[in-house]
Every structure is written in C-alpha cells, then in structure tokens.
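Report on the structure
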Amino acid sequence: MENKPIARTLRLLSQLMELHNENPFKVKSVANAAFKIDKLPFALASKPTSEIDKVDGVGKSIAAKVIELLETGSIGELETLLEQTPPGIVEMLAIKGIGPKKIATIWNDLKIESIGELYYACNENRLIEAKGFGLKTQEEIKKIIEFKMAADGKFLYAKAQPLILHLQESLATWLNKVEDDALLGIAGEYRRLCEIIEEAVFIIGTEHTNIIATELTTYELAFAETAPNCFTAQTESGLSVKLFVVPKSNFYIDYFRLTGSENHVNKVLELAGDHLFNSEEEIYQKAGLDFILPELREDLNEIELAKQHQLPQLIDHADLKGSLHNHSDWSDGVHTLEEMALYCKDVLNLEYLGICDHSKSAFYANGLNEQRVYAQHQLINELNVKLAPFKIFKGIESDILYDGSLDYDEAVLKTFDFVVASVHSQLKMSQEKATERLIKAIENPYTTILGHPTGRLLLSRKGYGIDFRKVIDACAANSVVIEINANPLRLDLDWRWHRYALEKGVLLAINPDAHRKEGFLDMNYGVLVARKGGLTAEKCLNAFSLNQISAFFESKKP
C-alpha cells in the first residue's frame with residue numbers, strides 16, 4: 001500500500017473522530033500523522049513493522065493503526081465509526097470547505113444526512129441561522145456542491161439551460177460568419193425538456209459540410225471529430241456537447257431523429273416513411289398525425305392521441321393565476337409575508353398567494369406552533385384588506401408524521417384555507433409503509449394538496465419508493481390535489497406519472513415551494529415539466545381564477 005491511501009484513511013479517521021466529538025488531542029494526533037505520512041520521501045509499507053512507530057509524527061498508537069491497515073486492509077476503529085455515520089455524512093467530509101465541526105451541526109442540528117439534502121437546505125436558506133454559518137458560508141457550500149454535481153457529468157435542467165442557451169447564441173454568431181444561411185438547432189434531452197441533462201446536442205444543416213467541419217477548428221470550443229460529421233467537446237463547466245453537421249437537405253429528418261426518444265422516432269418514421277422533409281410538421285403530416293411537440297416525444301401515448309386528434313393543449317406560464325405552497329420569514333423563508341405577496345401582485349401580476357409556512361414538527365425550520373398560527377392568520381386578515389382584491393390564502397405545510405397523521409389537531413387544521421401535507425422526516429421506510437403513510441394523510445379530510453410525493457432530490461436522493469397507482473388512486477378518491485414541486489431539485493411528482501393522475505381525474509398544482517421572492521420564478525421549471533407530463537390549464541389548480549380557487553377550497557372543507 002502506498003503512502004497516499006494510508007494518509008487518506010487516517011485523515012478520514014481523524015475527521016470521523018472529530019465528528020463524533022472524541023478527544024481533541026487524539027484527533028489532532030491522527031490528523032498530524034496523516035499529513036506527515038503523505039509527505040514521507042519513502043514508502044511507509046516498506047519499513048519493518050517494528051520501525052514504523054519511529055517515523056516522525058507516527059508513534060506507537062498510530063503505528064498500531066497503520067500496521068492493522070497494512071495487514072488487514074482496514075482499521076477496526078474506523079469501521080466502527082463508519083457504521084455509526086450515515087453514508088451521506090461521510091460523503092460530505094470529502095467536500096473541501098466544510099469541516100467536521102460544521103458537518104456535525106448540519107447532521108445533528110439540521111437533521112441533514114446527504115449532500116442533496118444539504119444543497120436543498122441552501123436553497124431554502126436553512127443554513128443561515130445555524131451556529132457557525134451565515135449567508136456567505138451558505139453560498140460557498142452551494143457553489144462547491146454545484147461544482148461536484150457538474151463534475152459527475154449530469155446537470156439539472158435549470159443549471160444546463162443558461163449554459164446551452166449561451167452556447168446556442170455563440171454558435172449562431174460564429175455560424176453566421178461562416179455560412180449565413182446555414183440552419184442551427186438544439187436537440188436531445190434539452191429540447192424534450194428532460195429534468196436531467198447529460199449532454200447538449202446541436203445540429204447544423206449546411207450546403208458545405210466539409211467547410212463547416214474545417215472551420216470548426218477556429219471555434220472557441222475545442223471540438224473533436226469522434227465520428228463522421230459528429231463533433232464532441234466539453235465546456236469549462238463540465239457540460240458534454242455533441243454537434244452534428246449534416247447536409248441542409250437532411251436537416252429536418254436528422255433534427256427529428258436527434259430530438260425524440262428512439263421508440264417515438266422509429267414509430268413515426270414507420271408511418272411517414274424515411275424521406276427528406278422540409279419541416280418537422282411535414283414528417284407528422286405524412287405519418288397521418290397531428291404535430292407532436294418535442295417535450296411529448298417519449299413513446300408514451302402521444303402517437304395514439306395524435307392519430308385521434310386528441311393531443312392536449314399544454315399549459316403555458318401565462319395560464320397561472322396564483323402561486324401556492326410558499327414560505328415566509330415566519331418559518332424558514334427570507335422575505336416577509338407582505339414582501340412575498342407584493343412580489344406576486346405587482347411583479348408577477350398574479351391574483352393570489354398561498355402561504356404555507358412549516359408546521360410545528362419542523363422545528364429545524366422554525367415551524368409554527370398553534371399560537372403563531374393564530375398570529376399569522378391575524379396578519380393575513382390585515383394584509384388582505386390592504387392588498388384587495390389580491391388575496392393571501394391561509395395555508396400550512398403540515399408534516400406527515402410516521403403514522404400518516406398530520407401534526408395539528410382538527411381545531412387548528414380547520415382554521416386554514418388549505419393544507420399541503422408533506423413528508424420531511426423518517427424517510428427510510430419500505431414501499432408498503434411509505435404508501436400506507438401517504439394514503440392515511442390523503443384520507444385526512446383536511447388535506448388539500450399532497451406535497452412533493454416522493455421527497456426526491458434530483459442527482460442526490462432517489463426519494464422513498466411508493467406505489468404510485470395506489471397513492472394517485474387515493475388522491476382521486478379523496479379529491480386531493482397532487483403537487484408538482486417546481487423547485488428544479490425536486491420536480492416531484494415525476495412527469496412520468498402525470499398522465500395517470502390526469503386520467504384518474506386528479507388535479508395537479510405547480511408549486512414553487514418558494515422561500516424567497518426569487519423562488520417564485522421556479523414556477524417556470526414546473527410549467528416545463530408539467531407540459532412534458534401532458535398537463536392542461538383546466539387540470540392545474542393554480543391556473544384557477546381567484547373566484548374558482550376560492551370555491552374549490554370552500555368545497556373541500558369537511
């Protein structure tokens with residue numbers, strides 16, 4: 001074994017010892033030994049075991065650990081500490097800039113156990129008030145995690161979007177100088193509005209493929225030809241880029257091929273024939289289909305709907321009349337209730353705001369006890385007079401407890417206009433238990449909306465497994481709305497289940513889960529993923545007018 005893996009093992013041991021609040025002198029001793037061993041000019045493993053304790057910075061105690069590592073491949077003390085530590089916490093220790101003391105606070109005080117949860121907490125501003133943290137530290141941690149995500153080669157749609165649009169603009173400017181009548185398009189996952197982007201796909205249609213291929217060597221991004229007329233590169237941010245250069249006459253058929261899922265493309269071309277086309281619309285026309293928007297080209301039921309002229313009129317951002325499920329500084333939000341309301345009213349031109357601060361079980365997020373609920377309701381009454389006809393609805397994000405009950409009794413629940421029921425704790429459970437837990441909450445007569453149904457955090461936490469059909473069927477039976485959480489890290493309910501919910505008559509709500517004014521802008525990502533799922537304005541709760549949603553909330557009261 002070389003020195004570096006020995007040093008890394010001891011460094012991890014020292015970090016875990018500090019994390020678990022062991023003797024500071026011992027922690028420092030192990031950390032110092034790790035540093036010294038890493039810098040040794042000779043291989044420690046080449047030394048006789050009887051001489052290892054003579055090495056500078058090692059000593060008898062550390063020597064025993066090193067010998068154990070060399071002989072067995074592990075250190076018993078380290079294995080014990082690893083068993084006591086969630087894997088996500090161990091992963092955090094590898095992030096530069098977050099030491100064991102801060103991670104102990106994150107774990108013990110904020111109850112965060114994974115990098116994904118930590119990133120989401122940064123977006124919710126939950127780190128600002130924690131001991132030893134502040135806005136600057138929170139932003140630094142957020143940037144470090146974003147860099148790590150990018151290094152893994154996968155990007156959230158929201159993070160990929162500005163990179164791809166910038167690249168499109170740059171390519172268009174460059175292409176205009178080389179051949180001003182060439183065609184340029186963005187295809188692939190981005191064009192289909194996928195929630196995760198692994199590569200940006202571009203296509204150029206040209207009369208002079210050889211000239212474009214040659215001129216690409218002058219472009220600022222270092223493209224390499226990896227297949228005939230296929231060029232690849234990587235941006236500084238780590239985004240993989242693939243560029244296809246095709247004859248202009250082939251542009252639309254290749255654009256079509258590079259956009260849709262493989263099954264969708266094959267089925268449509270089987271109907272249309274594999275010819276040259278002057279537009280994508282012509283491809284669908286020749287196939288006897290209505291034009292299918294790129295976001296729907298996933299080989300679900302879109303081709304059958306297109307045959308029957310029954311494709312949905314997809315929701316648009318302009319259809320939204322209000323924003324539900326948002327947080328203010330009454331819990332873990334940044335802005336005041338009035339500031340959030342005025343942003344919706346004056347900047348976004350919405351008709352209403354649903355405020356859903358955290359409930360009392362969410363102590364880590366300054367959740368509202370019964371007395372503070374009453375006080376907030378008095379303030380909402382005052383603001384509704386002041387801001388009329390704009391209206392603030394009295395909502396709450398009520399924690400779903402382990403047994404499926406909500407964390408207020410009936411006397412408090414009935415004071416709200418609507419209730420978003422969400423799981424935030426005890427996420428490790430079987431699919432059967434998770435499903436049972438959600439269904440019990442759904443059957444509570446005061447539950448209006450089921451919040452982020454699986455608790456997933458994209459690229460970091462899969463979310464708890466549930467029987468989607470049973471949960472959606474329960475929502476249908478109890479007239480409970482399902483949230484599409486628009487935070488780019490969540491986008492939960494997954495778009496793959498939107499159609500089933502809509503077929504069952506379940507309303508969906510595009511909720512930003514905003515913790516600051518700027519968070520309302522996440523509704524854009526919610527709209528995009530809702531379109532991918534086939535949502536129409538008629539089936540979206542917050543596309544209801546103020547009068548319509550007021551009547552809906554009233555009809556839901558027991």
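Check the entry above for the structure.
An account of the accompanying structure is given in this report.

Parameters at a glance
- Residues numbered from 1 in each chain as written.
- Predicted model: local features only at pLDDT ≥ 70, side-chain atom pairs only at ≥ 80, totals over all residues.
- Heavy atoms only, no water.
- Buried < 20%, exposed > 50% of the residue type's maximum accessible area, 1.4 Å probe, protein only.
- Helix = DSSP H or I, 4+ residues; strand = E, 2+ residues; numbered from the N terminus.
- Pairing = 2+ DSSP bridges.
- Right-handed = clockwise from strand over helix to strand, strands pointing away.
- Salt bridge = Lys/Arg side-chain N within 4 Å of Asp/Glu carboxyl O.
- Axes fitted to C-alpha atoms, helices over the stretch in contact; angles between N-to-C directions.
- Left-handed = near helix turned anticlockwise from the far one by under 90°.
- Contact = heavy atoms within 4.5 Å.
- Phe/Tyr/Trp six-rings, centres within 6.5 Å; stacked < 30°, edge-to-face > 60°.
- Lys NZ or Arg CZ within 6 Å of the ring centre and 35° of its normal.
- Disulfide = S-S within 2.5 Å.
- Core = buried A, V, L, I, M, F, W, Y, C linked by side-chain atoms within 4.5 Å.

**Things to note about the pairing of strand 13 (residues 481-485)**
Most of strand 13 sits inside the fold, with five of its five residues counted as buried. Residues Val-481, Glu-483 and Asn-485 of strand 13 are buried on one face, and the alternating residues Ile-482 and Ile-484, pointing to the opposite face, are buried as well. Relative to strand 13, strand 12 (residues 449-450) runs parallel, the two being bridged by two bridges. Each residue of the ladder has a partner; that of Leu-450, found in strand 13, is Ile-482. Following the chain from strand 12 across helix 20 (residues 468-477) to the adjacent parallel strand 13, one finds a crossover that is right-handed. Of the strand pairs in this sheet, strand 13 and strand 14 (residues 508-511) are connected by four bridges, and their pairing is parallel. What sits directly across from Asn-485, in strand 14, is Asn-511. With respect to chirality, the unit in which strand 13 leads through helix 21 (residues 498-503) into the neighbouring parallel strand 14 is right-handed.

**Details of the pattern of salt bridges**
As enumerated under the stated definition, the model contains 25 salt bridges in all. The partner of Asp-254 in a salt bridge is Arg-257, with the nearest N and O atoms 3.0 Å apart. Here Asp-254 and its partner Arg-257 are both found in helix 12 (residues 251-259), three residues apart, which amounts to about one turn of the helix. Given the relative accessible area of 14%, Asp-254 is considered buried. Looking at Arg-257, the relative accessible area reads 33%, which means it is partly exposed. When the shortest N-O distance is used, the salt bridge between Glu-295 and Arg-531 registers 2.9 Å. One end of the pair, Glu-295, is in the loop between helix 14 (280-286) and helix 15 (302-307); the other, Arg-531, is in helix 22 (residues 523-532), with 236 residues separating them in the sequence. For Arg-531, a relative accessible area of 16% puts it in the buried group.

**As for the packing of helix 16 (residues 337-347) against helix 17 (residues 370-387)**
At a closest axis distance of 11 Å, the pairing of helix 16 and helix 17 adopts a crossing angle of 35 degrees. Considering the relative orientation of helix 16 and helix 17, their crossing is right-handed. Taking contact as the criterion, the partners of Leu-337, Glu-338, Ala-341, Leu-342 and Lys-345 in helix 16 are, on helix 17, Gln-376, Leu-379, Ile-380, Leu-383, Lys-386 and Leu-387.

**A few points about the packing of aromatic side chains**
This structure, assessed with the given rule, holds 17 aromatic pairs. Between Tyr-408 and Phe-416, the aromatic rings sit 6.0 Å apart at their centres with planes inclined by 40 degrees, giving tilted as the arrangement. Judged by its relative accessible area of 4%, Phe-416 falls in the buried class. Here the aromatic residues Tyr-352, Phe-393, Phe-418, Phe-544, Phe-552 and Phe-553 are joined through ring pairs into a cluster of three or more. A cation over an aromatic ring shows up here: Lys-47 above the ring of Phe-42, its NZ or CZ 5.0 Å from the ring centre. Over the ring of Trp-495 we find Lys-532; its NZ or CZ atom is 4.6 Å from the centre of that ring.

**Looking at helix 22**
Among the ten residues in helix 22, nine count as buried, and that is most of the element. Buried within helix 22 are the following residues: Met-523, Tyr-525, Gly-526, Val-527, Leu-528, Val-529, Ala-530, Arg-531 and Lys-532. Looking at the buried side of helix 22, the elements it contacts are helix 9 (157-178), strand 8 (322-326), strand 13, helix 21 and strand 14. Following helix 22 by one or two positions, Gly-534 adopts a phi angle in the positive range, close to 90 degrees.

**Quick look at the sheet that holds strand 7 (residues 240-247)**
Taking strand neighbours across the sheet as the criterion, the five strands line up as 2-4-7-6-5 in an open arrangement whose pairing is mixed. Edge positions in the open sheet fall to strand 2 (183-187) and strand 5 (224-227), since each of these has one partner strand only. Between one strand axis and the next, the sheet turns by 30 degrees as a mean value, whatever way the strands run. By the bridge criterion, three bridges tie strand 5 to strand 6 (residues 230-234) in an arrangement that is antiparallel. Across the sheet, the residue bridging to Ala-224 is Thr-232, located in strand 6. Against the sheet, helix 9 touches strand 2, strand 4 (199-206) and strand 7, its axis set at about 165 degrees to strand 2. Set on the sheet, helix 12 makes contact with strand 2, strand 4 and strand 7; between it and strand 2 the angle comes to about 15 degrees.

**Thoughts on the pairing of strand 11 (residues 418-422)**
The buried count for strand 11 comes to five of five residues, which makes it a mostly enclosed element. Both faces of strand 11 are covered, namely the face carrying Phe-418, Val-420 and Ser-422 and the face carrying Val-419 and Ala-421. One ladder, built from five bridges, connects strand 10 (residues 391-399) with strand 11; its direction is parallel. Within the sheet, the bridge partner assigned to Ile-396 lies in strand 11 and is Val-419. Pairing of strand 11 with strand 12, which is carried by two bridges, proceeds in the parallel orientation. Across the sheet, residue Val-420 finds its bridge partner in strand 12, namely Ile-449. The β-α-β motif built from strand 11, the intervening helix 19 (residues 431-443) and the parallel element strand 12 has right-handed crossover chirality.

**Considerations on the state of the cysteines**
In the structure shown here, the tally under the stated rule is zero disulfides. Cys-230 takes part in no disulfide bond, and the closest cysteine sulfur to it belongs to Cys-194, at a distance of 19 Å.

**Describing the nonpolar core**
Counting residues in hydrophobic clusters, the biggest one holds 150 residues, and the most contacted among them are Leu-10 and Ile-510. The element best represented in this core is helix 9, accounting for eight residues. When near neighbours in sequence (up to four residues on either side) are disregarded, Leu-10 contacts Val-30, Ala-34, Ile-37, Ile-62, Val-66 and Ile-75.

**Focus: the side chain of Thr-259**
Inspection of the secondary structure assignment puts Thr-259 in helix 12. Assessed through its relative accessible area of 0%, Thr-259 is described here as buried. Thr-259 has contacts with Ala-187, Gly-188, Arg-191, Arg-192, Glu-280, Pro-294 and Arg-297, leaving out every residue within four places of it along the chain.

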